[in-house]
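Residues per chain are reported as follows:
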Amino acid sequence: MYYYGFSLFAINHRYRFVETIFRLKMHSFTLIVLICVSIFLVFECVLCKSDLYDILGVRKTATQKEIKQAYKKLAKEWHPDKTDDPEATEKFTKINEAYETLGDPEKRSEYDNFGYTSSNARQPNRPQQRGFHGFEPFEGFFSSQGFGFNFNFNQGGSGSPDSVIERHIINMRTYQTTILPNSLNKPCVIYAFSDFCFNCMRIEGIVEKFITELKAIGLCAAAFHAGQSQDLTSHLRISSVPSIVGVVNDRVSFFKGQVNLPALHDFTRGLFPTNFITKVHDVNIESWLGGWPADNKVRAVFFSPRQDMSAAFLAPAFFYKDNLAIGYVYTKSDDVTNILLKFNVNKHRETLLLFNEDSKSPVATISMQHLTRSTLDEVIEGNKFLSLPRLSSQKFFDELCPDEMKIKSRKLCVVLITKKSVPPSDDLHGYRQFSQNSRLSGHERIRFTYMYEDTQAEFVKSLMAKGRQELRSAALKVAILWRVEKYQLKYDWLETGWEGSQMADCGAALERRLNVLLTSDTVMPYKIVPPELYNEHGLGLLTRIGYKLLSWGDKILDLLRMFDGTTWVTLALSLLFVCSMGYFMHKIATYEVIQVESTLPQKTRPRPPSRTFDAKTMKLYELDARTYEELVSEADTGLTVVLLVDKDTKDDLVRQFTTIVHPYSRYSALTFAFMQLEYNIKWYRTLLETSVGNTKSLDKINIKNCIGTVLALNGYRKYYYIYSAKSGRQFIRKRNNLSQALGLDDLDEKSDDEFFFVDEVLDGLALWLDKIFDGSIKRVRIKAWPMMTDDR
């Protein structure tokens, strides 16, 4: 009864249900468009979030003290009660949010690695778990989603939100926006896992301990669920779980072998390139410490009783590789005794020495049983530049000369402009001494630097465009820079310049000028948008291309290693089949081309022009064996008008011929030439004999009877017209006898001297050409043109 009632209810409401579905489908397209637009706007909003370090105006390597000072300064400036700026409330909120995240070391570390802030709390990258009602022990094992249940084996490590693996979950966006860009200075190890992975459960404890160790030494560690982040799984080319990969310099390396801590430590050390570490010993220590003028870097020497440099040293060394030249001393080696004695280093402890221009004594020393990353960062951050650094890249310029908008707190960058091509002079040495001994050398708002004019030519040229003073020939130019914004620079020139022989006067003038700028609101007169500095430490073009090709090669090899033997056999057979079919089809196509070409007319050549390019001069060619194909046998459709001459009459007849045919040279289908009978009489005789079907022999043909004859040859269609200077014209007009019309009956007779007046031979040529165009001249057709040989 219940079933019957339910059936009647379904029948009665079928029409209403179908109508509802139809209406939903009508609006489905609009709904999809709205959803896509909403997702796009949300995504854009996320991407447009400001960087927290930029909000506080500090570097990413800033200490907690610097972050706190920046927060207090900005909070006082943008407090809504102390300013009337309409955007004050919004900026004050952002400043508080930035300090709330960056002021907490744990939240700051999470933000650096994954981009999460205190206001954007990270949620687990998996479906929400909801256990059965009243069954708390099974809540981490069973979870419901939709109308089914999910059995969570090893979901996010232990499955607890507080687990080490869970706290380092990433997705594709985090990988592309944070991990990949940071891999240029901070390698990252990524762990991939999935559900129902018993090997993942087995190595879970090892991986969590390994991640904790990586975080302690300042390296990046991350994890993701291979099933839930399939785009990241595909991008990293992960084919099985568990998998561990390392990312450094945009390159991905795969861990292979048994998962244990020693193997993972070796894998981590192998991620770092080896070309940025120098093994220092007694022999090379002096030359290595004295190499700072070339690379503009502070010398950092790590001492350790371990033979290989540990990852705890490699991590900070790689992070500061743009500022430091890294050296490593194995303290138990026999060839480092003098180094240990000279710098009083305990060979049983870990030690770091930092050297600037003075290689005799370190500018900073730290020695402990185990050096921590925080200690190393603190020491290096305070001494990562030379006492007089060179503006050798845009990165150095941004760090040494930061922007400051307020005039009362502006930061000044004093730049001495010299040349790299000139050997180090007293001027630069004196300027370095002044920067170290001046009363303003330690001022927090002043930085003394220098740059090479020939290396940073574009930047120096933009400075020179305004306000350059006429200095003494021996004086170097000194610019005082104030970066108002990142792309706005104000500056002034030191009027005296800098000269080593007058260091006291130049130094005093510079100090006076700097004191005025620091203590007053004096406006700097010149302003430019500075171009980006050339990176003097960058790799050459060919080197970069080589590294890029190697990177592509590694990616291709890694992709090829993913295929098994069966795939390779199938691929080889497929390629063999495709190549065989291609070869077979090529043969068939070649045979068809030959068959088609045999039915096509012969190939033709473009007809040579009858005039010069400016149309002022007519071109006249000589018909012989060299030009025969171009003018006759393979010539394109049209007529080649040929005058027959001999050596004696050539000059006079050619001159007359040119005068007569010059008006016709404007037609592109006409080409004009002459032929000397002494060398080509055989060809002319063969042509005439072929024209009468070889019924008459002309072995005794007389050249004199042929002088003045004109042939109009159509090489493409195999016919010609003939103009005979003797009796051929009347037969061509009145008779059908071709032999008589061509004048063949009297060609072997002796020439009548009275007939051959050169001035009268071509009198009827113009009329004959007109009749050709009228179609009133009979064509002489042949089957093929005779061969022409050079009988000279």
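Structure: above.
Residues numbered from 1 in each chain as written. Predicted model: local features only at pLDDT ≥ 70, side-chain atom pairs only at ≥ 80, totals over all residues. Heavy atoms only, no water.

Across its full length, the protein carries 29 helices and 22 strands. Buried positions account for 41% of the 792 residues belonging to the protein. Residue pairs at least 24 apart in sequence account for 72% of intrachain contacts in the protein once pairs closer than 6 positions are excluded. With the model as given, the accessible surface of the protein reaches about 45000 Å², and the carbon-plus-sulfur share is 56%. (Helix = DSSP H or I, 4+ residues; strand = E, 2+ residues; numbered from the N terminus. Buried < 20%, exposed > 50% of the residue type's maximum accessible area, 1.4 Å probe, protein only. Contact = heavy atoms within 4.5 Å. Areas by Shrake-Rupley, 256 points an atom, 1.4 Å probe, with all protein chains shown as cover.)

It is worth spelling out the environment of Phe272 at this point. By the element assignment, Phe272 lies in the loop between helix 12 (261-271) and strand 7 (277-279). Residue classification places Phe272 among the buried positions, given a relative accessible area of 5%. Expressed as a C-alpha distance, the spacing of Phe272 and Ala315, which sit 43 residues apart in the sequence, is 8.4 Å. Residues in contact with Phe272, not counting those within four places in the same chain, are Pro187, Leu219, Leu314, Ala315 and Phe318.

Okay, the nonpolar core next. Tyr191, Phe276, Ile277, Phe302, Met309, Ile326 and Leu352 are the most contacted members of the largest nonpolar core, which totals 52 residues. Among the elements that take part in this core, helix 15 (residues 311-319) stands out by supplying 6 residues, more than any other. Once you skip the residues sitting within four places of it in the chain, Leu352 turns out to touch Ala300, Val301, Phe302, Ala364, Thr365, Ile366, Leu371, Leu376 and Ile380. Ranked by size, the runner-up nonpolar core spans 51 residues in total, among them Met618, Ile681, Tyr723 and Ile777. (Core = buried A, V, L, I, M, F, W, Y, C linked by side-chain atoms within 4.5 Å.)

It is worth spelling out the sheet that holds strand 22 (residues 780-781) at this point. Sheet strands pair by backbone hydrogen bonding; their relative direction is either parallel or antiparallel. Spatially, 6 strands are ordered 17-19-18-20-21-22 in an open sheet, and the strand pairing comes out mixed. Looking at which strands have only one partner, the edges of the open sheet turn out to be strand 17 (621-622) and strand 22. Where strand 18 (residues 639-645) lies against strand 20 (residues 710-714), 4 bridges are found, and the strand directions are antiparallel. When the bridges of strand 20 are listed, Leu643 appears paired with Val710. Sheet contacts for helix 29 (residues 765-774): strand 18, strand 19 (670-676), strand 20 and strand 21 (719-723); angle to strand 21, the most-contacted strand, approximately 150°. (Pairing = 2+ DSSP bridges. Axes fitted to C-alpha atoms, helices over the stretch in contact; angles between N-to-C directions.)

Burial within strand 4 (residues 220-225) is extensive, with 6 of its 6 residues counted as buried. Side chains Cys220, Ala222 and Phe224 of strand 4 all project onto a buried face; the interleaved residues Ala221, Ala223 and His225 project onto the opposite face, where all are buried too. Examined bridge by bridge, strand 3 (residues 188-193) and strand 4 share 6 bridges and lie parallel to one another. Residue pairing across strands places Ala192 opposite Phe224, the latter belonging to strand 4.

Let's shift gears to the state of the cysteines. Enumeration over the complete set of coordinates arrives at 3 disulfides. One disulfide in the model links Cys188 with Cys220; its S-S distance is 2.2 Å. The sign of the -40° torsion about the S-S bond sets the Cys188-Cys220 disulfide as left-handed. Residue Cys188 is located in strand 3, and its partner Cys220 is located in strand 4; the two are separated by 32 residues in the primary sequence. For the pair shown, Cys188 and Cys220 are each scored as buried. A disulfide bridge connects Cys197 with Cys200, and the sulfur atoms are separated by 2.1 Å. (Disulfide = S-S within 2.5 Å.)

This paragraph deals with the packing of aromatic side chains. Throughout the structure, instances matching the rule amount to 25 aromatic pairs. On the basis of an interplanar angle of 80° and a centroid distance of 5.7 Å, the ring pair of Phe272 and Phe318 is categorised as edge-to-face. Taken together, the positions of Phe272 in the loop between helix 12 and strand 7 and Phe318 in helix 15 put the pair 46 residues apart, joining distant regions of the chain. Accessibility expressed as a relative area gives 0% for Phe318, which makes it buried. Judged by centre distance (6.3 Å) and plane angle (75°), the ring pair of Tyr431 and Phe448 falls under edge-to-face. (Phe/Tyr/Trp six-rings, centres within 6.5 Å; stacked < 30°, edge-to-face > 60°.)

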